[in-house]
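Listed below are the residues making up each chain.
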Amino acid sequence: MKRKLSLLLVLVMLFAVALSACNSTEEGTEGNEGTEGNEGTEAVNIKLATGGTTGTYYAYGGVLGTLFESKIDGLTVDVQSTGASKANIVLVCDDEVQMAIVQNDVMDYAYNGTDQFEGDKMEGFSSMAACYAEVCQIIANPDSGIATVADLAGKRVSVGDAGSGVEFNTRQILEAYGLTFDDIKVQNLGFEDSANALKDGKIDAFFCTAGAPTTAISSLATTNDIVVLNVDGEEAAALIEKYPFYTAYDIPADTYPGMTEAATTVAVKATLIVADDLSEDLVYNLTKTLFENKAEVEAGNAKGSELDVNYAVEGVSVPFHPGAEKYFKEAGALS
């Protein structure tokens with residue numbers, strides 16, 4: 001009888017210990033679930049897709065990741081090197097990342113299922129903010145007699161890598177001037193290869209969509225005379241009307257060695273996109289943090305100087321995430 005009572009007592013004690021441990025675990029879980037940061041954001045990790053490790057997207061994304069983590073308690077940001085715009089959109093829509101930097105023209109193609117995404121309309125992403133300009137630059141050899149876009153007819157022209165965003169920019173700009181790829185001698189070269197080919201007299205002009213100044217063009221201009229063509233007037237107006245992701249952009253004189261006059265062209269924008277299923281509060285806080293800490297972004301990357309709430313919403317054709325929209329309405333950039 002005593003043995004039975006002893007066994008019963010042991011079982012009761014073990015049950016009490018187990019119950020106590022269970023209650024302790026539940027209390028700890030409840031405490032973690034309620035963690036909130038400076039901006040009222042719950043503890044969360046987001047992955048930010050950028051571009052190649054030597055490119056602007058990756059460097060800019062690193063600055064943003066550090067900023068967001070320092071200003072929003074409980075938030076961690078994993079900045080990832082990727083294949084840039086098209087790959088980034090796919091990553092967001094496949095739930096592999098929650099945030100990405102992309103060109104606003106490429107995200108327009110994805111949202112509508114056109115051009116690079118022909119027949120493959122993407123879903124699951126929204127706009128957060130346009131950050132800085134990626135300028136459509138057309139560089140020509142002055143000895144070729146090219147002074148305007150129309151003069152490219154019959155010339156040897158590099159239009160960017162095959163299937164790239166630059167190639168689509170080229171098609172659209174030529175279209176505004178009544179030209180097609182059939183009217184030029186097409187070569188598909190990247191920026192550095194294009195600059196070298198022009199330097200060696202193998203091409204007459206090339207298209208380059210990138211922040212100005214662009215290293216490849218700067219290097220070329222130190223040894224060779226160049227002409228920076230204008231995309232302006234009624235042709236630019238027609239281009240922007242048909243493709244609303246373009247905006248007008250002025251390239252100042254002296255941007256490149258020997259460039260004595262400003263040039264007027266168009267630009268697309270490096271834009272932050274986010275997954276649709278991110279909370280409204282989180283995206284609001286991310287957007288607010290970005291624009292209320294411009295000086296810190298600029299200190300980390302020169303492109304931060306272009307942050308502006310009004311610029312951030314112009315030329316963005318994909319709907320904004322409700323959190324970003326809320327911030328821009330408060331800031332007066334959206335009605």
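Residues numbered from 1 in each chain as written. Predicted model: local features only at pLDDT ≥ 70, side-chain atom pairs only at ≥ 80, totals over all residues. Heavy atoms only, no water.

1. Examining the nonpolar core
If you look at the biggest cluster of nonpolar residues, it comprises 83 residues, and the most contacted ones within it are Ile89, Leu152, Leu290 and Phe328. Of the residues forming this core, the biggest block, nine residues, is contributed by strand S4 (residues 125–140). Setting aside chain neighbours within four positions, we find Leu290 in contact with Leu64, Leu67, Phe68, Met128, Ala129, Cys131, Leu272, Val297 and Leu307. If you look at the next biggest cluster of nonpolar residues, it comprises 25 residues, including Phe206, Cys208, Ile251 and Tyr311. (Core = buried A, V, L, I, M, F, W, Y, C linked by side-chain atoms within 4.5 Å. Buried < 20%, exposed > 50% of the residue type's maximum accessible area, 1.4 Å probe, protein only. Helix = DSSP H or I, 4+ residues; strand = E, 2+ residues; numbered from the N terminus. Contact = heavy atoms within 4.5 Å.)

2. Comments concerning a negative patch on the surface
Judged by side-chain charge, Asp94, Asp95, Glu96, Asp276 and Asp277 come together as a negatively charged surface patch. Since its relative accessible area comes to 46%, Asp94 is described here as partly exposed. (Patch = residues over 30% accessible without salt bridge, like charges linked within 9 Å, V, L, I, M, F, W, Y side chains within 5 Å. Areas by Shrake-Rupley, 256 points an atom, 1.4 Å probe, with all protein chains shown as cover. Salt bridge = Lys/Arg side-chain N within 4 Å of Asp/Glu carboxyl O. Lys, Arg positive; Asp, Glu negative; His and termini not counted. Charge placed at Lys NZ, Arg CZ, Asp CG, Glu CD.)

3. Description of the state of the cysteines
Applying the stated criterion to the full structure yields zero disulfides. There is no disulfide at Cys136, and the cysteine sulfur nearest it, in Cys208, is 9.3 Å away. (Disulfide = S-S within 2.5 Å.)

4. Focus on the packing of helix H2 (residues 56–71) against helix H9 (residues 280–292)
Where H2 contacts H9, the axes come no closer than 10 Å and their chain directions differ by 110°. In terms of axis orientation, H2 runs roughly perpendicular to H9. The handedness of the crossing between H2 and H9 comes out as right-handed. Between H2, through Leu64, Leu67, Phe68 and Lys71, and H9, the contact on the second element is made entirely by Leu286, Thr289 and Leu290. (Axes fitted to C-alpha atoms, helices over the stretch in contact; angles between N-to-C directions. Parallel < 35°, antiparallel > 145°, perpendicular 65-115°, else oblique. Left-handed = near helix turned anticlockwise from the far one by under 90°.)

5. Regarding the packing of helix H3 (residues 85–93) against helix H4 (residues 104–112)
Contact geometry for H3 and H4: axes closest at 9 Å, N-to-C directions at 45°. What the angle tells us is that H3 and H4 run oblique. The handedness of the crossing between H3 and H4 is right-handed. Where H3 abuts H4, its residues Ser85, Lys86 and Ile89 lie against Val106, Met107 and Ala110. Partitioning the contact of H3 with H4 into residue classes produces four nonpolar, one polar and one charged. (Nonpolar A, V, L, I, M, F, W, Y, C, P; charged D, E, K, R; others polar.)

6. Concerning H9
For H9, which comprises 13 residues, the first-to-last C-alpha distance of 18 Å matches the rise-based estimate of 18 Å (1.5 Å per residue) to within 8%. Among all positions of H9, only Leu282, Val283, Tyr284, Asn285, Leu286, Thr287, Thr289, Leu290 and Phe291 are buried. (Expected span 1.5 Å × (residues − 1).)

7. Let's talk about the packing of aromatic side chains
Evaluated as defined, the whole model comprises twelve aromatic pairs. With 5.7 Å between their ring centres and 90° between their planes, Tyr109 and Phe245 make a pair best called edge-to-face. Separated by 136 residues along the polypeptide, Tyr109 in helix H4 and Phe245 in the loop between helix H8 (233–242) and strand S9 (247–251) bring together distant segments of the chain. Look at Phe291 and Tyr327: their rings are 6.1 Å apart centre to centre, the planes differ by 15°, and that puts the pair in the stacked class. A residue pair is termed long-range when its members are at least 10 positions apart, and Phe291 in helix H9 and Tyr327 in helix H11 (residues 322–330) qualify at 36 residues. (Phe/Tyr/Trp six-rings, centres within 6.5 Å; stacked < 30°, edge-to-face > 60°.)

8. Some thoughts on the layout of surface pockets
When its volume is computed, the largest pocket comes out at roughly 910 Å³. Gly55, Glu134, Phe191, Thr209 and Ala210 are, among the 33 residues lining the largest pocket, the residues nearest its centre. Among the secondary structure elements, those contributing two or more residues to the lining of the largest pocket are H2, H3, S4, helix H5 (165–176), helix H6 (191–199), strand S7 (205–210) and helix H7 (215–221). Looking at which element gives the most residues to the lining of the largest pocket, the answer is H2, with three residues. Among the residues forming the lining of the largest pocket, the class breakdown is ten nonpolar, 18 polar and five charged. Its volume calculated, the second largest pocket comes out at about 290 Å³. Surrounding the second largest pocket, 16 residues form its lining, Ile226, Val227, Val228, Met259 and Glu261 being those nearest its centre. (1 Å grid on protein atoms, 1.4 Å probe; cavity = no way out; pocket = protein on both sides within 12 Å on 5 of 7 lines; lining within 4 Å. Points joined across faces, edges and corners; volume = space filled by probe spheres on them.)

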